[in-house]
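Structure at a glance
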Amino acid sequence: MNDLDCSEFVELVTAFLDDALDADGKRRFVDHLALCEGCTRYLHQFRQTIRALGDLPVEQLPPEARDTLLAAFRDPRG
Amino acid sequence: MQPFPPDDVLVARLRERDEAAFVMLLDAWSDGLLRLARSFVSTTDSAAEVVQDTWLAVIQGIEKFEGRSSLKTWVYRILVNTAKRRGGREARTVPWSSLLPTPEDEGPTVDPARFGGPGDPYPGHWREFPAPWPSPEQQALAGEIRAQVGTALAQLPERQRVVIMLRDVEGYGSDEVSSILDISAANQRVLLHRARAFVRGRLEEYYAAVGQHVESATEVTS
């Protein structure tokens, strides 16, 4: 008997996604996933969360700052 | 966009004061630097100043770059150090050492009450499965989701926020983040996992609230 509990599974998701589990840990993780709808959903929502994070809007450097930096690059002592 | 030249070529061009090379880096990296700077300081204006100070330090320090990390990692490290000094003056930051996980970063990331206890029929298993979320195709929610994620990020402890910003918002790998922040891969993973679980929890609460709202609206109209 080496099935993971759901409460253990949820703590391993990032390690699994980083491919940082050892062979045995990975097998237990995947075996549990195959049998547990709740954890399948949890993993899916974790991935959706990561996607949402990657989707955040970009802020931009103000043009004046860019101009100042270009001037500084041309003349580092100025 | 043109593929980036390798680091040694870029560094040589910067040392020769090749403005085109500097502009290329400035335009490619400033947005990411600005977002990361926002993890450390309280206003967009301060963050822009941190990015500006970072580039000034790069201009001054490029002669000293030894190539022991990638150029980009080196620039990001300068940003982290600049932001921390700045944040210290603004009294919103913590010492460098506290980018390490603390005891409060250990422990369950999901409320233990959601799993069966020792006396239950399925100890350690979900009492109730997490509720399903709307599919990402339902774009009507996209703006609101971004706002929720932004709010959740702001509520994280700095050490977790910096890691999740680099990993998930900026898309760096585990090795690069460990190198930029000078923490072990295992430690950055502890912080990342806790931060992700927190953001997931916030989205779960949001979807639950929206779901209830939709249901009650349906009741009213039916």
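Helices and strands together make up the secondary structure of chain B, namely eight helices and zero strands. Sequence-ordered secondary structure for chain B, helices as α and strands as β, is α-α-α-α-α-α-α-α. The buried share of chain B, reckoned over its 222 residues, is 34%. For chain B, the share of sequence-separated contacts (at least 6 apart) that also reach a separation of at least 24 residues comes to 65%.

What follows concerns the environment of Asp111(B). Residues and elements named next belong to chain B. Relative to the helices and strands, Asp-111 is located in the loop between helix 4 (71-89) and helix 5 (142-155). The class for Asp-111 is exposed, based on 9 C-beta atoms found within 10 Å. Between the alpha carbons of Asp-111 and Gly-201 there is a distance of 9.9 Å; along the sequence they are 90 residues apart.

Residue and element names in this part refer to chain B. Its 14 residues place the ends of helix 5 20 Å apart at the C-alpha level, agreeing with the 20 Å of an ideal helix rising 1.5 Å per residue. Those residues of helix 5 that sit buried are Ile-145, Val-149, Ala-152 and Leu-153. Considered in projection along helix 5, the buried side chains sweep an arc of 100° and stay on one side of the axis. Away from the buried face of helix 5 by more than 90 degrees, exposed residues Gly-143, Glu-144, Ala-147, Gly-150, Thr-151, Ala-154 and Gln-155 are located.

If you look at the interface, chain A gives 38 residues, while chain B gives 45 residues. When residues of the side of chain A that touches chain B are traced back to their parent elements, those giving at least two are helix 1 (6-9), helix 2 (13-17), helix 4 (37-54) and helix 5 (63-74) of chain A. In terms of residues, the side of chain A that touches chain B owes the most to one element, helix 4 of chain A, which gives 12 residues. Of the residues assigned to the side of chain A that touches chain B, the class counts are 19 nonpolar, nine polar and 10 charged.

Where helix 5 of chain A meets helix 3 (residues 44-61) of chain B, the axes come as close as 10 Å, and the angle between the chain directions of the two elements is 15°. Between helix 5 of chain A and helix 3 of chain B, the interaxial angle falls into the category roughly parallel. The chirality of how helix 5 of chain A crosses helix 3 of chain B is right-handed. Every residue of helix 3 of chain B that contacts helix 5 of chain A at Ala65(A), Thr68(A), Leu69(A), Ala72(A) and Phe73(A) is listed here: Ala48(B), Gln52(B), Trp55(B), Leu56(B) and Ile59(B). Considered class by class, the residues forming the contact of helix 5 of chain A with helix 3 of chain B number eight nonpolar, two polar and no charged.

As a further point, take the domain arrangement of chain B. Residue and element names in this part refer to chain B. Entries for chain B in the domain assignment read domain 1 (7-89) and domain 2 (101-221). Computed over C-alpha atoms, the centres of domain 1 and domain 2 are 30 Å apart. Of the residues lining the interface, 10 residues belong to domain 1; the matching set on domain 2 comes to 11 residues. Breaking the side of domain 1 that touches domain 2 down by element, the ones donating at least two residues are helix 2 (19-38) and helix 4. For the side of domain 1 that touches domain 2, the leading source of residues is helix 4, giving four residues.

As a further point, take unusual backbone geometry. With a phi angle near 55°, Asp19(A) is a residue other than glycine that sits in the positive phi range. Mapping Asp19(A) onto the fold places it in the loop between helix 2 and helix 3 (23-35). Its 8 C-beta neighbours within 10 Å are what place Asp19(A) among the exposed residues. One non-glycine residue, Asp182(B), lies in positive phi territory at about 60°. Here Asp182(B) falls in the exposed class, since 11 other C-beta atoms lie within 10 Å of it.

Residues and elements named next belong to chain B. Of all hydrophobic cores here, the largest spans 67 residues; its most connected members are Ala-37, Val-51, Leu-79, Val-163 and Leu-166. Mapped onto the domain boundaries, this core takes at least three residues apiece from domain 1 (7-89) and domain 2 (101-221). Ignoring anything within four residues of it in the chain, the contact list for Leu-166 reads Leu-36, Tyr-172, Val-177 and Ile-180.

This paragraph deals with helix 6 (residues 158-169) of chain B. Taking burial as the measure, the 12 residues of helix 6 of chain B include 11 buried ones, the bulk of the element. The first or second residue beyond helix 6 of chain B is Gly171(B), which carries a positive phi of 85°.

What follows deals with the confidence of the model for chain B. Residue and element names in this part refer to chain B. With 86% of its residues at a pLDDT of 70 or more, chain B shows a mean pLDDT of 86. Averaged pLDDT values over the elements of chain B bottom out at 82 in helix 8 (residues 185-221) and peak at 96 in helix 1 (residues 7-15). Scored below 50 in pLDDT, residues 215-222 shows zero contacts in the model against residues more than four places distant or in partner chains. Overall fold confidence for the complex sits at a pTM of 0.85, while the interface term, ipTM, reaches 0.90.

The rules we used
Residues numbered from 1 in each chain as written. Chains lettered and ligands numbered in written order. Predicted model: local features only at pLDDT ≥ 70, side-chain atom pairs only at ≥ 80, totals over all residues. Helix = DSSP H or I, 4+ residues; strand = E, 2+ residues; numbered from the N terminus. Buried ≥ 20, exposed ≤ 12 C-beta atoms within 10 Å, placed from the backbone. Contact = placed C-beta atoms within 7 Å. Expected span 1.5 Å × (residues − 1). Arc of directions from axis to C-beta. Nonpolar A, V, L, I, M, F, W, Y, C, P; charged D, E, K, R; others polar. Axes fitted to C-alpha atoms, helices over the stretch in contact; angles between N-to-C directions. Parallel < 35°, antiparallel > 145°, perpendicular 65-115°, else oblique. Left-handed = near helix turned anticlockwise from the far one by under 90°. Domains from an automatic or database assignment. Core = buried A, V, L, I, M, F, W, Y, C linked by C-beta atoms within 7 Å. pLDDT = per-residue confidence, 0-100.

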